[in-house]
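Take a look at the letters that make up each chain.
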Amino acid sequence: MDFEVGQFVEMKKPHPCGENRWEILRVGMDFRLRCMGCGRQVMVPRKVVEKKVKK
């Protein structure tokens with residue numbers, strides 16, 4: 001799957017705030033994602049994102 005900055009992805013498990021949609025802010029070996037529910041930003045390794053993304 002190809003990932004681009006600005007794309008929205010849906011994860012298998014929700015964030016603690018209850019939202020499972022994330023916006024991609026940075027792509028590389030690590031991804032910077034922003035939760036669409038609470039606005040929290042996290043850095044996640046590429047392997048984890050590829051494994052946990054649903055859509």
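Keep in mind that what you see is a predicted model, and the values were worked out from it rather than measured. (Residues numbered from 1 in each chain as written. Predicted model: local features only at pLDDT ≥ 70, side-chain atom pairs only at ≥ 80, totals over all residues. Heavy atoms only, no water.)

Concerning the sheet that holds strand S4 (residues 41–45)
In sheet architecture, strand pairing relies on hydrogen bonds along the backbone and comes in two forms, parallel and antiparallel.
Piece 1. Across the sheet, 4 strands lie side by side as S1-S2-S3-S4; this open sheet has antiparallel pairing. Edge strands, defined here as strands with exactly one partner in the open sheet, are strand S1 (8–10) and S4. Each strand axis lies, on average, 40° off the axis of its neighbour in the sheet, ignoring direction.
Piece 2. In terms of strand pairing, strand S3 (residues 30–35) meets S4 through 5 bridges, oriented antiparallel. Looking at S4, one finds that Leu33 is bridged to Val42. (Pairing = 2+ DSSP bridges. Helix = DSSP H or I, 4+ residues; strand = E, 2+ residues; numbered from the N terminus. Axes fitted to C-alpha atoms, helices over the stretch in contact; angles between N-to-C directions.)

Re the pattern of salt bridges
Piece 1. Summed over all chains, the structure comprises 3 salt bridges.
Piece 2. Close ionic contact of Lys54 with Glu10 constitutes a salt bridge, the shortest N to O distance being 3.8 Å. Residue Lys54 is located in the segment after helix H1 (46–52), and its partner Glu10 is located in strand S1; the two are separated by 44 residues in the primary sequence. (Salt bridge = Lys/Arg side-chain N within 4 Å of Asp/Glu carboxyl O.)

Observations regarding the environment of Met1
Piece 1. Along the polypeptide, Met1 turns up in the segment before S1.
Piece 2. In this structure Met1 comes out as exposed when scored by relative accessible area, which is 63%.
Piece 3. Each C-alpha atom of the pair Met1 and Val53 lies 9.7 Å from the other, and the pair is 52 residues apart in sequence.
Piece 4. Excluding residues that lie within four positions of it along the chain, Met1 makes contacts with Gln7, Val53 and Lys55. (Buried < 20%, exposed > 50% of the residue type's maximum accessible area, 1.4 Å probe, protein only. Contact = heavy atoms within 4.5 Å.)

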